[in-house]
Amino acid sequence: MSIRQATKAFLSPAANPFPDGVTVPVKGRSLWMDARTRFLRNKAATGSLLVLVLLAAFAFLGDTISPWDNETIDWGMLGQVHVVGGPSLETGHWFGVDETGRDLFARTAQGTRISLAVGFVGAAVAVVIGTIYGAVSGYVGGRVDDVMMRIVDVLIAVPYMFVLILMMVVFERSVIMLFVGVGLISWLDMARIVRGQTLSLKNREFVEAAIATGVRSPMIIARHIVPNLLGIVVVYATLLVPQMILFESFVSFLGLGVQEPLTSLGALIAQGAGQMRNDVPWMLGFPLAAFVALLFALFFVGDGLRDALDPKDR
Amino acid sequence: MTAFVVRRLLIAIPTILFLIVLTFTLMELAPGSPFDSERGVPQYVLDNLEAKYGLDRPAWQRLGLYVWNLATDFDFGPSFTYRDRTVNDVIAQGFPITLTYGLLSGLVAMAVGIPLGITAAIKHNTWLDTLAVGFSIGASVLPNFVMAPILVLVFTLWLGWLPGGGWNGGQWNYLILPVVALATSYMASIARLTRSSMLEVLNAPFIRTARAKGLPMRRVILRHALKPAMLPVISYLGPTFAFLLTGSVLIDMFFSTGGIGQFFVAAALGRDYAIIMGVTVLYGVIVVALNLLVDLLYAWIDPKIRYG
């Protein structure tokens, strides 16, 4: 059958199973649905998402499953940790114990929780403050834009690791302080990216139409600019999470992070590394594995989201 | 060009001032005096100490003095815990060490990362590409504080080939582990960046033209593709060196190399604000200066940049 014949057959009234006047409803596909299909087709990304869900379950439910919590010392282990402190099902220390006899499973779960929380807070601050700052700066433009972006230029050049360490020293070393430190830096890059996108959006026809119909600037930003930025904001926020986790773990590794009995993956890796010479491989192994798995999963999910939401990128 | 330099300086100077004011304010907020101690020191001794370190003056005067001394003499003032040494002494002792392996790490990261990225781009979609991409993804989840323990575990404890710490005057075998631990993740970033920008350039029309003229691939890459492909890599150099400086704190501590980082962590744990502030400001100045340098380099290489 030639193409012309096929077209004719398709267009002939006989081919239409519906009676006259009824048109076949075509279901619209939103950009988000397209993105979801693309994401689900990406095996590395979906696999990583599963790993991420498992890690989150481990972080938030680990404490309740385990017979031990993260600060109780198993006195029976003390002094012979390297002999009997290894991972075992009988003692209930599934990941073994640390050098002071505390359960490593519960501690790793708690450390993973801190890492996830830091990553989430960083991303949330970036999404809220970074998006608003960038959108306002880009949309308003002119002198306001100049001043707002110079401020970001100045802030971005500050070596924050050192400032955060100073903050942790001056004030108490707490989770809140970590959140403040992470919140201070995470929005800067986002603001720049969002501003760039806003600049290319603000001269489009739909914005012009909104201005012509008398919509005020704050409303235009909220209703027309921000929704169109969401794709890039989501992608960048996901990619920001591992960066923030790295940042926090670095500080914790130096022993300047959260205070005992709370711990974090960085602090656990540091402790395990300090015990390397004592033939207790589980102390380094489990926290390290949890950390690497977390970062791997986040990178692949972020990459998958970028391919799904920003396909023109490659 | 002059206007461009001036404008960049106009951002650089406020940045440094902001950093100084920020760290100074944080120090002011710190509770207690550096001379608080368990033993009851007589008040007149405390007064004398405070007068010696200038702590009896109002904060704004001390801030002004700090900035003035820094700007005129590059003087960071005395340390609070090392009674006989100034912050400058500490920096003079530790910085050459940090600089040595920091620069080496930067060189290694570029020397391995750039060729790896270029090879992966040229051999796009072959096993070599897959290998390079796999390596760079793997290495990017291995930051310095993960690499350092793993390297020591393998090369010091298991194989016994290399020393797991110390400096020993910068002897080559003491350098290897710190340099590799610091360089790996930046090497991965550079490789990935080089690969993607090279792929983009290789798809550009001017490369097709060069190929169509019958130029051999080797010449096309060296003469035409390399320069534009290096631009994103160059703009990444500024952040890389900033990260290397930060990472050196951890390397100094983990490998006990005796660099600045070791003093910094000790100062942070012992609340020696003068050293913390001195190191923070020093690194801030270095980062700002390097970023300026990279911007200038970029403007010089890329003819498309307008510095009006």
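Every value quoted in this text rests on a predicted model; they were computed, and no experiment measured them.

K.L.:
In this structure, what is going on with the overall build of chain B? I would like to understand it.
P.N.:
Counting its regular elements, chain B contains 11 helices and 0 strands. In chain B, the succession of α and β elements from N to C terminus is α-α-α-α-α-α-α-α-α-α-α. Counting over 308 residues, chain B shows a buried share of 46%. Only carbon and sulfur atoms are counted for the fraction: they give 66% of the accessible area of chain B, which is about 15400 Å². Separation between the mean location of the 21 positive side-chain charges and that of the 16 negative ones in chain B comes to 23 Å.

K.L.:
Help me out: how do you make sense of the overall build of chain A in this one?
P.N.:
Across its full length, chain A holds 12 helices and 0 strands. Split into buried and exposed, the 314 residues of chain A put 48% on the buried side. Relative to all contacts within chain A whose residues are 6 or more apart in sequence, the contacts with residues 24 or more apart total 73%. Carbon and sulfur atoms form 65% of the exposed surface of chain A, whose accessible area is close to 15700 Å².

K.L.:
Even after reading the chapter, I still don't get the interface of chain A and chain B, so can you show me in this structure?
P.N.:
Note: interface size is frequently given as the accessible area lost on complex formation between the parts. Tallying the contact residues gives 35 residues for chain A and 46 residues for chain B. Buried area between chain A and chain B, both sides added, is near 3500 Å², and the carbon and sulfur share of it is 87%. Broken down residue by residue, the surface that chain A buries against chain B is led by F162(A), L166(A) and F253(A), which jointly contribute 20%. Applying the counting criterion to the chain A and chain B interface returns 0 residue pairs in polar contact (both at pLDDT 80 or more).

K.L.:
Which parts of the structure should I look at to understand the nonpolar core?
P.N.:
For soluble globular proteins, the rule of thumb is that nonpolar side chains tend to be buried together. If you look at the biggest cluster of nonpolar residues, it comprises 166 residues, and the most contacted ones within it are F291(A) and F145(B). Per-element tally for this core: the top contributor is helix 10 (residues 217-253) of chain A, with 18 residues. Beyond its immediate stretch of four places on either side in the chain, F145(B) contacts L246(A), S249(A), F250(A), F253(A), I269(A), F291(A) and L250(B).

K.L.:
Explanation requested: the confidence of the model for chain A in the structure shown.
P.N.:
Caution is warranted with low-pLDDT regions, since their predicted coordinates should not be read in detail. The pLDDT averaged across chain A works out to 81; a share of 88% of its residues lies at or above 70. Mean pLDDT per element in chain A: helix 1 (residues 3-11) of chain A is the minimum at 64, and helix 9 (residues 205-212) of chain A is the maximum at 90.

K.L.:
For this particular structure, what's the right way to read the packing of helix 12 (residues 281-309) of chain A against helix 6 (residues 144-158) of chain B?
P.N.:
The axes of two packed helices give the description: the angle between them and the distance between them. Relative to each other, helix 12 of chain A and helix 6 of chain B sit at 140°, their axes nearing to 12 Å. With respect to helix 6 of chain B, the element helix 12 of chain A is oriented oblique. Viewed along their axes, helix 12 of chain A and helix 6 of chain B form a crossing whose handedness is left-handed. Where helix 12 of chain A abuts helix 6 of chain B, its residues L284(A), L288(A), F291(A) and V292(A) lie against F145(B), V146(B), P149(B), I150(B) and L153(B). For the contact of helix 12 of chain A with helix 6 of chain B, the residue count by class is 9 nonpolar, no polar and no charged.

K.L.:
For this particular structure, what's the right way to read a nonpolar patch on the surface?
P.N.:
Residue and element names in this part refer to chain A. On the surface, L31, W32, L230 and V234 cluster together into a nonpolar patch covering about 400 Å² of accessible area. For the nonpolar patch, the elements supplying multiple residues, two or more each, are helix 2 (31-41) and helix 10. Looking at where V234 falls in the secondary structure, it is placed in helix 10.

K.L.:
Just checking my understanding: could you explain the confidence of the model for chain B for this structure?
P.N.:
All names here are of chain B. Within chain B, residue pLDDT values average 81, and 92% of them lie at 70 or more. Within chain B, helix 8 (residues 205-212) carries the highest mean pLDDT (89), whereas helix 2 (residues 43-52) carries the lowest (74). Under the prediction, the complex receives an ipTM of 0.79, its pTM being 0.81.

K.L.:
I'm lost on the environment of G285(A) in this one. Help?
P.N.:
By the secondary structure assignment, G285(A) is in helix 12. Considering only alpha carbons, one finds G285(A) and G266(A), 19 residues apart in sequence, at a separation of 13 Å.

K.L.:
Would you take a moment to explain unusual backbone geometry for this structure?
P.N.:
Glycine aside, the phi torsion of most residues is negative, and most peptide linkages are trans. Residue N125(B) is not a glycine yet carries a positive backbone phi of 65°. In this structure N125(B) comes out as exposed when scored by relative accessible area, which is 65%.

K.L.:
Please explain the packing of helix 4 (residues 87-122) of chain B against helix 10 (residues 260-269) of chain B as it appears in this structure.
P.N.:
Residue and element names in this part refer to chain B. Between helix 4 and helix 10, the shortest axis-to-axis distance is 7 Å and the interhelical angle comes to 130°. On the basis of the axis angle, helix 4 is oblique to helix 10. Note on element contacts: helix 10 touches helix 4 through I260, G261 and F263, opposite V90, I91, Q93, G94, F95 and T98. For the contact of helix 4 with helix 10, the class distribution of residues is 5 nonpolar, 4 polar and no charged.

K.L.:
Would you mind showing me how to read the packing of aromatic side chains here?
P.N.:
Each aromatic ring pair is characterised by the separation of its centres together with the angle its planes make. Under the defined criterion, the tally for this structure stands at 12 aromatic pairs over all chains. Ring geometry for Y186(B) versus F243(B): centroids 6.1 Å apart, planes at 5°, classification stacked. Linking Y186(B) in helix 7 (residues 172-202) with F243(B) in helix 9 (residues 217-255), this pair joins segments that are 57 residues apart in sequence. In textbook terms, an aromatic cluster arises when at least three aromatic residues are bridged by ring pairs, as seen for F250(A), F253(A), F291(A), F145(B), F254(B) and F255(B).

Basis of the calculations
- Residues numbered from 1 in each chain as written.
- Chains lettered and ligands numbered in written order.
- Predicted model: local features only at pLDDT ≥ 70, side-chain atom pairs only at ≥ 80, totals over all residues.
- Heavy atoms only, no water.
- Helix = DSSP H or I, 4+ residues; strand = E, 2+ residues; numbered from the N terminus.
- Buried < 20%, exposed > 50% of the residue type's maximum accessible area, 1.4 Å probe, protein only.
- Areas by Shrake-Rupley, 256 points an atom, 1.4 Å probe, with all protein chains shown as cover.
- Lys, Arg positive; Asp, Glu negative; His and termini not counted.
- Charge placed at Lys NZ, Arg CZ, Asp CG, Glu CD.
- Contact = heavy atoms within 4.5 Å.
- Buried area = accessible area lost by both parts, 1.4 Å probe.
- Polar contact = N/O pair within 3.5 Å; in protein donor to acceptor, adjacent residues only side chain to side chain.
- Core = buried A, V, L, I, M, F, W, Y, C linked by side-chain atoms within 4.5 Å.
- pLDDT = per-residue confidence, 0-100.
- Axes fitted to C-alpha atoms, helices over the stretch in contact; angles between N-to-C directions.
- Parallel < 35°, antiparallel > 145°, perpendicular 65-115°, else oblique.
- Left-handed = near helix turned anticlockwise from the far one by under 90°.
- Nonpolar A, V, L, I, M, F, W, Y, C, P; charged D, E, K, R; others polar.
- Patch = residues over 30% accessible without salt bridge, like charges linked within 9 Å, V, L, I, M, F, W, Y side chains within 5 Å.
- Salt bridge = Lys/Arg side-chain N within 4 Å of Asp/Glu carboxyl O.
- Phe/Tyr/Trp six-rings, centres within 6.5 Å; stacked < 30°, edge-to-face > 60°.

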